[in-house]
Structure formats: structure tokens, C-alpha cells
Amino acid sequence: MKIKRQKQAKKTISFYKFNFSFREPFQILIDGTFCQAALKNKIQIKEQMPKYLMGEVQLCTTNCALKELETLGKELYGAKIILQRFQVRRCPHFKSPVPASECLLSMLEETNPHHYFVATQDHTVTAGLKKIPGVPLLYIILNTIVLDKPCKTSLDHVQAVQLGELVSPAQQQSIRSLKEEQGIAQKDGERRGKKRKRKQSNPNPLSCLKKKKKGVPTPSLKKTEQGQKRKRSRHKKQKDDMSAPVVTNT
Ligand SMILES: [Zn+2]
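Just so you know, these numbers come straight off a predicted model, no measurement behind them.

Right, let's get into helix H6 (residues 100–108). Looking only at H6, the buried set comprises Ala100, Ser101, Cys103, Leu104, Met107 and Leu108. Around the axis of H6, the buried residues are gathered within 165° of arc, so they sit on the same side. Those residues of H6 that are buried are in contact with strand E1 (26–30), strand E2 (57–62), helix H4 (63–72), strand E3 (87–89), strand E4 (116–119) and helix H7 (123–129). Once H6 ends, the next one or two residues include Glu109, with phi positive near 50°.

Structural data, given as C-alpha cells:
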């Protein structure tokens, strides 16, 4: 199971690397809910995350996420201790903090330009980030960190990009090929016409060759020999034809 989980993670990571230009160190945007779950399940985020993602990671959060944990009180004190160890990324809510879910989603903007992985147990964040293409989701289930498979939005986005890349050049190519085919067909026709003309003009190079042959003394002899041979063969054939019945008789 562990190997299977790791294999799936590898596959998913390479999907984001290839299609959304994710690079190490992976930026892991974490909120209080994830830290709380990690604490409950005795998961050391700092140790487990790079192992699971098979690469260097940078664990980070936002000021809003920290503020939210502070306001929620004693129950989440442990989670707050964990979360405040991580880098605090600037969010646009410095003066008036917003709920962590709202803040995290705002960090992703429309296309997740900073290539954040989001580590959360908050369904509001999960639902929200699944509307944005190219946002890997990490959550904790059954004592383990799980990297969610790419959501439909990401898959659709990749497909659209691929089609966008394939369709237009393909159409251009098909148009080109059609034009070329037509062009070739026209050229073929021209060539055929030219070839016919060339055939008419062909005797010239052939005659040149003949002249060359004539220029060489031996071919003339050969020709005479050939002629004699031909004559002989004809004679032989004639003789054979004539003598054939005689031979069979004797
Ligand atoms: Zn914020």
C-alpha cells in the first residue's frame, strides 16, 4: 500500500511538473486544519513532506491562517506552534485579516502562478482550489499525507492546452498538405507535359550516346559481330527450324 501510494504521488507530481511547470523546492501552502490533523496523527510535516513528495519542499503559510488559529484558542495551540514555524508569505490582507480559507484561495489567484501545493483539511479550501487548474492538494487521511489526484479542472485544462496546441497547427498542416497536394498535382500535370516534351527532345541525348558509341571503334566491330551473330542465329534458327524435324527423326 505504501509503495502504491508513493507511486501514485510520483505520477501526480510529474503531472504537475510536466503540465504546470512545478519545480523544486515545492511550495507547500499550509493552514491550521492540516497542522491540527498532523498533530492528531503524529505526523511530522517537516520530515514527512519531502519524503512523500520526493523532493525539496518549502513549507509556508499566511498571516491570516496564523491569526485565525490564534483566535480559535487553546484547542488549536499545538497547531499554531507548528504553523508558526513555517515561512509566512505575504497576502493582501495585512491590515485586516480574513478567514484562512479565503486567504489561501486568494493566494492561488486564478492560475496558481507561484505553483503552490495546498495542504489543508478545510473543505471550503478544497472545493475552492478544485476550480483552479494546477493546484495540487495535500490532505491527511488514515495517519498519512495524501497527494490528491489531479482534479477535473486541471485535467480539462491540460486537455484544452494539448488540443489547442494540436488542433491549430494540425489544421494548418492539413491545409498546407492539401495545398501541396494540389500544387503537386498541378506540378505533376506540368511535369507530365514537360516529360512528354522531353521525350520529344530525348532523342538528342540518346543520339549523343550513339555518336559516342560510333566514335569508339570496338562497338562498330561488335555491331558487325552482333549483326553477324544475329544473322548466324537467324540462320541457325532457320537451320534448327529446318533441321529440327530431321534431328528428331535421327
Ligand atoms: Zn491573508
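After that view, the rundown keeps rolling.
Further remarks concern the nonpolar core. With 37 residues, the main nonpolar core has Ile28, Ile30, Phe34, Ile45, Met49, Leu53 and Leu138 as its most contacted residues. If you tally residues by element for this core, the top one is helix H1 (residues 2–20), at five residues. Setting aside residues up to four positions removed in sequence, Leu53 forms contacts with Ile13, Phe26, Ile28, Phe117, Leu138 and Leu147. Leu108, Val118, Val125 and Leu137 belong to the second-largest nonpolar core, a separate cluster that totals 16 residues.

Should their charged atoms come close, side chains of opposite charge can pair. If you walk through the whole model with that rule in mind, you get three salt bridges. Two residues, Glu70 and Lys80, come together in a salt bridge whose shortest N-O distance is 3.9 Å. Remark: Lys80 occurs in helix H5 (residues 77–83) and Glu70 occurs in helix H4; sequence separation between them is 10 residues. For Lys80, a relative accessible area of 18% translates into the label buried. Between Lys152 and Asp156 there is a salt bridge whose closest N-O contact spans 2.8 Å. Here Lys152 and its partner Asp156 are both found in helix H8 (residues 152–201), four residues apart, which amounts to about one turn of the helix.

All right, on to the coordination of the zinc ion then. Protein-derived ligands of the zinc ion are Cys64 (SG), Cys91 (SG), His93 (ND1) and Cys103 (SG), with the metal-ligand distances lying across 2.1 to 2.3 Å. In primary sequence terms, the donor set of the zinc ion follows C-x26-C-x1-H-x9-C. With His93 in the loop between E3 and H6 and Cys103 in helix H6, this residue pair connects regions lying 10 residues apart in the sequence. Summarising the burial analysis for this pair, His93 and Cys103 share the class buried.

Moving on, we come to the pairing of E2. Within E2, five of the six residues are buried, which leaves it mostly tucked inside the rest of the structure. By the bridge criterion, four bridges tie E1 to E2 in an arrangement that is parallel. Along E2, the bridge assignment pairs Phe26 with Val57. In the sheet, E2 pairs with E3 via three bridges, with the strands oriented parallel. Each residue of the ladder has a partner; that of Cys60, found in E3, is Gln87.

What counts as what
For every chain, the first residue of the written sequence is number 1, and numbering continues from 1 along that sequence. The model is predicted, so local features are restricted to residues of pLDDT at least 70 and side-chain atom pairs to those at 80 or more, both for listing and for counting; the totals for chains, interfaces and linings are taken over all residues. Hydrogens are left out, water is left out, and the side-chain values use all remaining heavy atoms of the structure. Relative accessibility thresholds used throughout: buried, under 20% of the residue-type maximum; exposed, over 50%; partly exposed, between the two (1.4 Å probe, protein chains only). Comment: elements are numbered from the N terminus, with helices defined as DSSP H or I runs of at least four residues and strands as E runs of at least two. When we speak of the arc, we mean the arc of directions from the helix axis to the C-beta atoms. Contact between two residues is taken to exist if any of their heavy atoms lie within 4.5 Å; hydrogens are not considered. Residues belong to a common nonpolar core when they are buried Ala, Val, Leu, Ile, Met, Phe, Trp, Tyr or Cys residues joined through side-chain atoms within 4.5 Å. Any carboxyl oxygen of Asp or Glu that lies within 4 Å of a side-chain nitrogen of Lys or Arg is treated as forming a salt bridge with it. Counted as donors are N, O and S atoms no farther than 2.8 Å from the metal, or 3.2 Å for Na, K and Ca; water is not among the atoms, and sites may therefore look incomplete. Paired strands, in this sense, are two strands between which DSSP finds at least two bridges.

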